[in-house]
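Structure at a glance
Residues per chain, in single letters:
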Amino acid sequence: MADKKGWGLGSKLRGMFARSFVINEDTWDDLEATLLAADFGPDVTDELIDAVKASVAKIPPTDDDDFVRLLREVLEERLSRFDTTLKLQDRPAVVLVVGVNGVGKTTTIGKLAKFITTAGRSVVLGAADTFRAAAVDQLATWAERAGVQIVRPQQEGQDPSSVAFQTVEFAIAQSIDVAIVDTAGRLQTKSGLMDELSKIRRVIEKQSPIAEVLLVLDATTGQNGLVQAEAFLEHAGVTGLVLTKLDGSAKGGFVLAVQERTGIPVKLVGSGESIADLSGFSPVAFAAALVE
Amino acid sequence: MATFGNLSSRLTDALKSLRGKGKLTEADVDGTLREIRRAMLDADVSLTVVKSFQSAVRERALSDDVNKALNPAQQVVQIVNDELVTILGGQQRRIEFAKKPPTVIMLAGLQGSGKTTLAGKLAKWLAKEKHTPLLVACDLQRPNAVTQLEVIAGNAGVAIFAPEPGNGKGNPVKVAKDSLKYATDKLYDVVIIDTAGRLGVDAELMKEASDIRKATSPDEVFFVIDAMIGQDAVATAEAFQQGVDFTGVVLTKLDGDARGGAALSVVSATERPIMFASTGESLDDFEPFYPDRMASRILDLGDILTLIEQAQQTFDADEQAKVAQKIATETFTLEDFLEQMQQLKNMGSLKKMMGMLPGSGQMKAQLDNFDESEITRTEAIIRSMTPAERRNSRLLNGSRRLRIAQGSGVTVTDVNSLVNRFDQAAKMMKTVAKGKVPQIPGMGPIPGGIGGSRPKATKKKTSRSGNPAKRAAENAAISQGGQGGSGAGFGLGAATGAVDGGAGGVGDLSAEELADMQKLLGGR
Ligand SMILES: Nc1nc2c(ncn2[C@@H]2O[C@H](COP(=O)(O)OP(=O)(O)OP(=O)(O)O)[C@@H](O)[C@H]2O)c(=O)[nH]1
Ligand SMILES: [Mg+2]
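Residues numbered from 1 in each chain as written. Chains lettered and ligands numbered in written order. Predicted model: local features only at pLDDT ≥ 70, side-chain atom pairs only at ≥ 80, totals over all residues.

**Notes on the overall build of chain B**
Secondary structure assignment for chain B yields 22 helices and eight strands. Taken across its 524 residues, chain B has 51% of its residues classed as buried. Taking all contacts inside chain B whose residues are at least 6 apart in sequence as the whole, residues at least 24 apart take part in 77%. (Helix = DSSP H or I, 4+ residues; strand = E, 2+ residues; numbered from the N terminus. Buried ≥ 20, exposed ≤ 12 C-beta atoms within 10 Å, placed from the backbone. Contact = placed C-beta atoms within 7 Å.)

**Quick word on the site of ligand 1**
Near ligand 1, the surroundings consist of 25 residues, among which A:Gly104, A:Thr107, A:Gly185, A:Gly270 and B:Gln111 are the closest. Among the chains of the assembly, those with residues near ligand 1 are chains A and B. Tallying contributions element by element places helix α5 (residues 105-118) of chain A first for the shell around ligand 1, with three residues. Taken together, the residues of the shell around ligand 1 sort by class into three nonpolar, 14 polar and eight charged. (Near = placed C-beta within 6 Å. Nonpolar A, V, L, I, M, F, W, Y, C, P; charged D, E, K, R; others polar.)

**Quick notes on the sheet that holds strand β4 (residues 178-183) of chain A**
Residue and element names in this part refer to chain A. Taken together, eight strands build an open sheet; the order of strands is β3-β2-β4-β1-β5-β6-β7-β8 and the sheet is mixed. This sheet does not close on itself; its edge strands, each paired only once, are β3 (149-151) and β8 (278-280). In this sheet, adjacent strand axes meet at a mean angle of 25° when their direction is disregarded. Here helix α8 (residues 191-205) sits on the sheet in contact with β1 (93-98), β2 (123-128), β4 and β5 (210-218), set at roughly 175° to β1. (Pairing = 2+ DSSP bridges. Axes fitted to C-alpha atoms, helices over the stretch in contact; angles between N-to-C directions.)

**Description of the packing of helix α9 (residues 224-236) of chain A against helix α10 (residues 254-262) of chain A**
Residue and element names in this part refer to chain A. At a closest axis distance of 9 Å, the pairing of α9 and α10 adopts a crossing angle of 35°. Of the two possible hands of crossing, α9 and α10 adopt the one that is right-handed. Seen from α9, the contacting residues are Gly225, Leu226, Ala229, Glu230 and Leu233; seen from α10, they are Phe254, Val255, Ala257, Val258, Arg261 and Thr262. Looking at the contact of α9 with α10 residue by residue, the classes come out as seven nonpolar, two polar and two charged. (Left-handed = near helix turned anticlockwise from the far one by under 90°.)

**Let's talk about the sheet that holds strand β8 (residues 286-288) of chain B**
All names here are of chain B. Taken in spatial order, the eight strands of this open sheet run β3-β2-β4-β1-β5-β6-β7-β8, and their pairing is mixed. Every other strand in the sheet has two partners, leaving β3 (159-161) and β8 as the edge strands with one partner each. Mean inter-strand twist for the sheet, computed between neighbouring axes without regard to direction, equals 25°. When strand β2 (residues 133-138) meets β3, the two strands line up parallel, connected through three bridges. In the strand pairing of β3, Val136 is matched with Phe161.

**Points about the UniProt feature "domain: SRP54-type proteins GTP-binding" (unreviewed entry) in chain B**
The feature "domain: SRP54-type proteins GTP-binding" (unreviewed entry), as given by UniProt, occupies residues 273-286 of chain B in the numbering adopted here. End C-alpha to end C-alpha, residues 273-286 of chain B measures 16 Å, and it is 0% helix and 43% strand. (UniProt positions renumbered as here; feature names shortened; annotations may be inferred.)

**Some words on the interface of chain A and chain B**
Between chain A and chain B, the contact holds 39 residues from the first and 38 residues from the second. Counting only elements with at least two residues in the side of chain A that touches chain B, the list comes to α2 (25-37), α6 (135-146) and α9 of chain A. Of the residues in the side of chain A that touches chain B, the class split is 16 nonpolar, 14 polar and nine charged.

**Quick word on the confidence of the model for chain B**
Residue and element names in this part refer to chain B. Scored by pLDDT, chain B has a mean of 75; 65% of the residues are at 70 or more. Segment residues 1-5 is flagged for pLDDT under 50; beyond a separation of four residues in sequence, or across chains, it makes seven contacts in the model. Across residues 520-524, where pLDDT falls below 50, the model places 10 contacts with residues more than four positions away in sequence or in other chains. Both confidence scores are given for the complex: pTM 0.74, ipTM 0.91. (pLDDT = per-residue confidence, 0-100.)

**Structural notes on the domain arrangement of chain A**
All names here are of chain A. Here chain A is described as being made up of domain 1 (9-79) and domain 2 (93-281). A separation of 35 Å is found between the C-alpha centroids of domain 1 and domain 2. Listed per partner, the contact involves nine residues of domain 1 and nine residues of domain 2. In terms of residue class, the side of domain 1 that touches domain 2 is made up of six nonpolar, one polar and two charged. (Domains from an automatic or database assignment.)

**Regarding the confidence of the model for chain A**
Taken residue by residue, chain A gives an average pLDDT of 91. The fraction at 70 or more is 93%. Counting interchain partners and residues more than four positions distant, the pLDDT-below-50 stretch residues 1-7 of chain A has 17 contacts.

**With respect to the UniProt feature "domain: SRP54-type proteins GTP-binding" (unreviewed entry) in chain A**
UniProt marks residues 265-278 of chain A with the feature "domain: SRP54-type proteins GTP-binding" (unreviewed entry), using the numbering shown here. Across residues 265-278 of chain A one finds 0% helix and 43% strand; the C-alpha atoms that close the span lie 16 Å apart.

**Topic: unusual backbone geometry**
Residues and elements named next belong to chain A. Cis geometry marks the peptide bond from Arg91 to Pro92; its omega dihedral reads -5°. Relative to the elements of secondary structure, Pro92 occurs in the loop between α4 (64-79) and β1. Backbone geometry places Asp39, a non-glycine residue, at a positive phi of 65°. Here Asp39 is to be found in the loop between α2 and α3 (42-58).

**Points about the pairing of β1(A)**
All names here are of chain A. Most of β1 is tucked away: six of the six residues are buried. Of the two faces of β1, the one lined by Ala93, Val95 and Val97 and the one lined by Val94, Leu96 and Val98 are each fully buried. Sheet topology places β1 next to β4; five bridges connect them, and they run parallel. Bridged to Leu96 within β4 is Val181.

Written out as structure tokens, the structure is:
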């Protein structure tokens with residue numbers, strides 16, 4: 001995991017009070033700049049500032065740490081309105097992983113497979129990205145790293161829904177606990193490809209209900225993250241979000257708006273390229289990291 | 001699309017409330033800029049860039065010449081768009097090929113930004129341009145990135161150098177270095193180095209990228225960034241600039257619906273040009289970058305810009321037709337007279353321009369003698385008239401003239417002389433309208449016009465009808481057809497424009513007549 005080098009919100013926030021602790025117009029301007037830079041977007045930023053202002057009016061903070069704590073509480077409160085637990089009770093529990101190109105779907109699947117096997121459950125991966133060059137090999141590499149099985153397409157360019165079907169079939173036949181299906185990255189503007197996702201869903205559901213549809217969002221994304229979430233919710237029935245690449249300088253503040261707009265909670269966060277760089281989403285930890 | 005209201009619709013509301021035309025007030029500008037600011041933030045432009053952009057636009061909006069065809073909000077939008085295009089396209093250039101092949105192009109960027117696919121697209125594009133590219137697999141990090149590049153090379157029909165298996169095995173710096181010798185031996189003239197994605201904050205990997213650069217001295221280093229990136233774009237771009245010092249930017253995933261405001265931030269922060277755009281998953285979805293398209297994409301201004309263009313065209317055509325009509329039917333009024341004089345006030349720039357034209361010495365002297373306070377006085381007199389009086393000077397009997405003189409603080413003689421001058425001017429307009437004005441030798445129409453940046457109709461396309469009214473009407477029709485017209489940029493330009501088909505301006509008046517005009521407008 002890369003070194004953060006103090007690009008966190010907290011160092012900026014504390015920088016605001018470098019000289020002495022006075023809350024004035026500049027404070028709010030600086031806070032606005034900091035929140036915007038964390039990709040919260042102009043609307044949520046305004047709301048957050050109003051909330052902080054209200055708290056400040058109620059119990060005036062005494063120093064910069066106090067002010068930062070106040071902001072953290074506002075963030076925590078907004079972030080923790082949703083249930084972040086991954087629902088994997090079904091047997092098999094089928095997990096479909098979707099998202100735009102390059103956000104980290106395949107990598108997340110590798111990490112998640114490891115995460116689940118460590119918890120003592122068996123996993124099979126389904127290589128339903130039959131489109132991108134070498135995508136199947138990439139998933140196979142992760143399957144090997146995680147020590148789990150993989151269902152590959154039988155021929156090149158096979159229909160992704162048939163690979164998904166075979167994966168679930170395999171999980172049922174072999175009594176495997178969790179089946180995770182990788183899909184090709186697709187931009188939400190491509191209606192044909194979005195329809196393909198709906199088809200993959202339908203085909204899987206012929207055999208088993210889907211436990212989770214995870215939408216992977218890249219923390220470096222800006223306000224388009226909202227648009228992505230809305231489109232994937234509509235076509236793929238997303239049930240949870242995964243926020244990746246939090247090991248960089250990007251903060252991924254847009255997920256707050258995504259959660260509130262769509263009602264879908266963030267369930268997992270990725271913070272690196274190694275197999276262990278995945279954790280459950282904790283509003284407290286996320287808010288703390290934002291203001292650290 | 002997104003559920004949040006876009007700029008076009010919000011600005012359309014702003015446009016509704018700002019119907020008036022003329023000089024922009026600070027309030028108009030600030031109101032529109034507030035919407036623009038919001039939209040830019042929604043489009044992921046960084047706050048610092050938004051702020052400096054806003055102040056640049058503000059300054060220009062408040063100092064620019066008035067564009068009479070547009071309402072204030074439209075004028076601001078126009079300026080905003082111009083500025084966006086200027087920033088996005090300011091540094092534009094083409095690939096620099098090495099004098100001695102191979103030309104080395106290195107790709108760098110964040111994970112998942114689309115480098116590997118882009119490498120294939122670039123190679124295919126170069127092959128089409130009669131180059132012989134070689135793809136080099138230096139992403140030895142991401143699982144099966146090497147295999148991916150191999151497949152892509154096959155699809156693109158280009159060669160690949162991939163001596164290491166990747167997945168953590170092999171030294172990318174060595175591969176990059178070896179590829180140059182390989183290319184020289186095998187006569188490949190462009191080497192494209194695909195590197196592993198890395199974060200700006202990852203010092204170790206950034207050093208590796210910089211080592212690849214040092215080992216290969218690339219002619220171009222492209223920073224590949226995807227159009228969906230948010231506020232982190234600036235920090236990341238700066239980190240890559242310090243780390244590898246890229247020479248150009250490539251914007252990917254433009255087939256999505258992200259506004260791509262980060263492009264603006266990156267160009268502003270690094271002063272590197274955006275060279276190419278990647279617009280889809282097929283290897284042919286690759287094109288040079290178009291700043292104007294990107295500008296209207298960022299602010300979603302397409303519709304508004306179309307409206308503005310239409311307003312402009314209709315205005316120009318209307319204006320020409322109106323003046324032509326007036327002259328033909330002798331309804332040139334004191335109001336028109338006033339309006340034209342006000343435009344004459346902006347003649348500082350005209351003087352400058354005249355000085356630069358050959359054979360305009362005499363006119364320049366005339367213009368230098370031109371007394372602006374005279375215009376102010378004339379303005380005051382006409383403003384003291386009722387609208388009816390302005391429209392019909394025959395109403396101006398003795399008592400009305402006395403009232404006007406008192407209202408504007410001048411003597412009745414002054415009013416009388418103005419009315420006389422106006423009558424003469426109106427007569428002269430008729431002469432001009434009949435097409436009797438000789439051209440000044442060696443002096444064509446003044447390019448660029450005055451008081452606006454509107455497109456000029458070219459002379460060739462204008463009507464040559466002998467009948468002024470008919471000709472004017474035809475000219476109006478031409479500008480309606482999308483050619484644009486001269487509008488009423490310069491005082492009597494609209495009138496002459498009607499005669500000479502939009503090439504208008506003072507260029508069509510003789511020195512003698514200009515002198516007459518000067519006498520009529522201000523002279524004693
Ligand atoms: N730094 C960092 N990189 C990540 C993380 N997750 C994924 N990546 C990298 O992002 C790049 C893209 O990851 P993939 O897993 O191939 O993404 P994908 O969504 O499957 O991509 P496509 O299938 O091509 O759409 C790779 O270089 C990964 O190593 C993360 O949490 N942090
Ligand atoms: Mg993938």
